[in-house]
Amino acid sequence: MPPEVVHQPPAATRPLVDEFRLGLDAPICLTWELTYACNLSCSHCLSSSGRRDPRELSTEECFAVVDELQRLQVFYVNLGGGEPMLRPDFFPIVEYAIDHQVGVKFSTNGTFLDRDAARRLAAMDYLDVQISLDGATAAVNDAVRGAGAHRASLQAMEHLADAGFGAFKVSVVVTRENVDELDDLRALAESFGAQLRVTRLRPSGRGADTWDRLRPTQAQQRQLYDWLLGRDDVLTGDSFFHLSAFGEALPGLNLCGAGRVVCLIDPVGDVYACPFVIHDEFLAGNVRDPGGFTDVWRSSELFASLREPGSEGACTSCGSYDACQGGCMASKFFVGLDLDDPDPECVLGNAEELLDRVGAGVGAHGAPVPRPTADHSRPGVAVPSPVTLRPTRRTRP
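Residues numbered from 1 in each chain as written. Predicted model: local features only at pLDDT ≥ 70, side-chain atom pairs only at ≥ 80, totals over all residues. Heavy atoms only, no water.

Regarding the sheet that holds strand β9 (residues 283-286)
Filter applied, for reference: Think of it this way: DSSP has to see at least two bridges between two strands before they count as a pair. Helix numbering and strand numbering both begin at the N terminus, where a helix is a DSSP run of H or I of at least 4 residues and a strand a DSSP run of E of at least 2. Contacts: residue pairs with any heavy atoms within 4.5 Å of one another. Angles shown run from 0 to 180 degrees and are taken between the N-to-C directions of axes, each axis being a line fitted to C-alpha atoms and, for helices, limited to the stretch in contact.
Taken in spatial order, the nine strands of this open sheet run β6-β5-β4-β3-β2-β1-β7-β8-β9, and their pairing is mixed. Looking at the sheet topology across the chains shown, the edges are occupied by β6 (195-200) and β9. Across two bridges, strand β7 (residues 264-265) lies against strand β8 (residues 270-272) in antiparallel orientation. Bridge pairing links isoleucine 265 to valine 271 in β8. Of the strands in this sheet, β1 (29-33), β2 (76-80) and β7 are in contact with helix α2 (residues 59-72), which crosses β1 at around 175°.

Digging into the nonpolar core
It is characteristic of soluble globular proteins that their nonpolar side chains tend to be buried jointly. As a reminder, the rule being used: Nonpolar core, defined: a set of buried Ala, Val, Leu, Ile, Met, Phe, Trp, Tyr and Cys residues in which side-chain atoms within 4.5 Å join the residues together. Only protein chains enter the calculation, and the probe is 1.4 Å; a residue is then buried if its accessible area is under 20% of its type maximum, exposed if over 50%, and partly exposed in between.
Of all hydrophobic cores here, the largest spans 84 residues; its most connected members are Trp32, Phe168 and Phe293. Top element by residues in this core is helix α3 (residues 90-99). It accounts for seven residues. In contact with phenylalanine 293, not counting residues within four places along its chain, are Pro27, Leu30, Glu68, Leu69, Leu72, Cys263, Ile265, Val271 and Val287. Within the second largest apolar cluster, 10 residues are counted, among which are Val173, Leu214, Leu355 and Ala364.

Quick look at the pattern of salt bridges
Put simply, the rule reads: Counted as salt bridges are all cases of a side-chain nitrogen of Lys or Arg within 4 Å of a carboxyl oxygen of Asp or Glu.
The tally for this structure, following the rule as stated, stands at 17 salt bridges. The residue arginine 55 makes a salt bridge to aspartate 53 at a minimum N-O spacing of 3.0 Å. Look at aspartate 53 and you get buried, because its relative accessible area is 9%. Two residues, glutamate 345 and arginine 200, come together in a salt bridge whose shortest N-O distance is 3.0 Å. Separated by 145 residues along the polypeptide, glutamate 345 in the loop between α13 (329-333) and α14 (352-357) and arginine 200 in strand β6 bring together distant segments of the chain.

A few points about the pairing of strand β4 (residues 127-132)
In terms of burial, β4 is a largely internal element, six of the six residues being buried. What you see with β4 is no split at all: Leu127, Val129 and Ile131 on one side and Asp128, Gln130 and Ser132 on the other are buried throughout. Relative to β4, strand β3 (residues 103-108) is paired through five bridges, and the arrangement is parallel. Along β4, the bridge assignment pairs threonine 108 with isoleucine 131.

Examining the environment of glutamate 181
What counts is decided by this rule: In the analysis that follows, any N or O atom pair within 3.5 Å is treated as a polar contact, provided that within protein one partner can donate a hydrogen and the other can accept it, and provided that, for residues neighboring in sequence, both atoms belong to side chains.
Topologically, glutamate 181 is positioned in the loop between β5 (169-174) and α7 (182-191). On the accessibility criterion, glutamate 181 (11% relative accessible area) is buried. In the structure, glutamate 181 is positioned 45 residues away from alanine 136 in sequence and 6.2 Å away in space, judged by C-alpha atoms. Those residues in contact with glutamate 181 that lie beyond four places of it in its chain are Gly135, Ala136, Thr137 and Val140. There is a polar contact of 2.7 Å between the side chain of glutamate 181 and the backbone nitrogen of alanine 136.

Description of the packing of α2 against helix α10 (residues 292-299)
Each pair of packed helices can be described by the angle between their axes along with the distance between the axes. To keep things clear, this is the line we draw: Throughout this description, any angle smaller than 35 degrees is read as roughly parallel, any larger than 145 degrees as roughly antiparallel, any in the 65 to 115 degree range as roughly perpendicular, and the remainder as oblique. The residue classification treats Ala, Val, Leu, Ile, Met, Phe, Trp, Tyr, Cys and Pro as nonpolar and Asp, Glu, Lys and Arg as charged. All others, Gly included, are polar.
Look at α2 against α10: their axes get within 8 Å of each other, and the N-to-C directions meet at 50°. Between α2 and α10, the interaxial angle falls into the category oblique. Seen from α2, the contacting residues are Glu68, Leu69 and Leu72; seen from α10, they are Gly292, Phe293, Thr294 and Arg298. Among the residues forming the contact of α2 with α10, the class breakdown is three nonpolar, two polar and two charged.

As for the side chain of aspartate 53
By secondary structure assignment, the location of aspartate 53 is in the loop between β1 and α2. Within the local environment of aspartate 53, its side chain forms a polar contact with the backbone nitrogen of arginine 55, the two atoms lying 2.8 Å apart. If near-sequence neighbours (up to four positions away) are discounted, aspartate 53 is found in contact with Tyr36, Val268 and His376.

Examining the packing of α2 against α3
The following threshold applies: Should the near helix be turned counterclockwise from the far one by less than a right angle, the crossing is left-handed, whereas a clockwise turn marks it as right-handed.
Where α2 meets α3, the closest approach of the two axes is 10 Å, and the angle between their N-to-C directions is 20°. Relative to α3, the element α2 is oriented roughly parallel. α2 and α3 meet at a crossing whose hand is right-handed. Taken together, the residues of α3 that come into contact with α2 (itself represented by Cys62, Phe63, Val66 and Asp67) are Pro92, Ile93, Tyr96 and Ala97. When its residues are assigned to classes, the contact of α2 with α3 shows seven nonpolar, no polar and one charged.

Description of the confidence of the model for the chain
Our working rule: The predictor reports its confidence for every residue as pLDDT, a score running from 0 up to 100.
The pLDDT averaged across the chain works out to 87; a share of 88% of its residues lies at or above 70. Across residues 1-17, confidence stays below pLDDT 50; counting only partners more than four residues off in sequence or on other chains, it has seven contacts. In this model residues 385-397 is a low-confidence stretch, pLDDT under 50, and it forms 32 contacts with partners more than four residues away in sequence or in other chains.

Considerations on the environment of arginine 371
You can see arginine 371 is positioned in the segment after α14. What makes arginine 371 partly exposed here is its relative accessible area of 45%. Put simply, arginine 371 and glycine 205 are 166 residues apart on the chain and 8.1 Å apart in space, counted from C-alpha to C-alpha. Those residues in contact with arginine 371 that sit more than four places away from it in its chain are Ala208, Asp209, His279 and Phe334. Of note is the side chain of arginine 371, whose polar atom sits 3.0 Å from the side chain of aspartate 209.

Thoughts on the pairing of β3
Going by this rule: A crossover gets the label right-handed when its path from the first strand over the helix to the second runs clockwise, viewed with the strands pointing away from the viewer.
Across four bridges, the pairing between β2 and β3 is parallel. Note that in β3 the partner of asparagine 78 across the bridge is lysine 105. Assessed by its sense of winding, the connection that carries the chain from β2 through α3 to β3 is right-handed. Running through helix α4 (residues 115-122), the crossover from β3 to the neighbouring parallel element β4 is right-handed.

Have a look at this one:
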């Protein structure tokens, strides 16, 4: 008998999420870290930022990247760092992107967002601003982000509100210490005419050393899930699809988009599959290579492998796999689990036995626990410690 032929339905009839799994001709959006320079030393910083890398892309090279993104019809870029406003050419890069039909969202700790900057930003179209804040109170926020960070964030919010910017975002990384403040954080954002955006803590960058102490407990994971259900006024950026195993799926794609619909460009032009896996194993190429970003996105062997149908691995027998898709690749990688293992924060407790095997730099399967490829932390600058270090209780929901 001839071999069986498997026919793929035409793209027009396939569910949109399947299109995303297979990868697109261009990313919908991408994260672009403009610099590793930062005036803060947040204990969960995904890129271990602090010191500027002398190999940073020049202004003209940044313009060339924008030109490529325009040709690829990328919807928008998430500009970050480090602190992107520390680049002297920050405004020229933002204005160039907007003038070339590439929308911009940028994240800032607010320190350099003064009245003049706020008015300049408010005059732009196709621009969104995210102010980072990890606590409704200074005590909670500054224990993670550093002394004075809470005050700087609120001052930046005041400047944006006074300038008539509109509904900017207040971006919160959910931790064990601030999960009880979510109502207060939402109210705080609304008091400035802003919208709350919550994201997941990952063990990336400096977060690799603080994740186990700062990550929400199992009970808090359930608390967060219940809080997010039906809350259409709060953005999540698909951070919490692992929580969908509790029951009703949270809004969003509920899948890992690494190398399929998103990726990261770092300050020196390296392209990684995901903003949370800055590691050589997930390095796809560099925008300075022949063919630039376009060739990396369309021809990278790494991205091609991520777009292939994957194995459900250890999650095969779990009835919640369709809801959580096995969870976050970065979270697994940097705690020493294999990519087909359950998410380390699996709300059904399926990763607990594996996590119990991790210790002293050795992963669950005997290989060394990966470390982030580079550390840009400033020497002599103390990294804030969590407010309190309560032990995680691994109680099943």
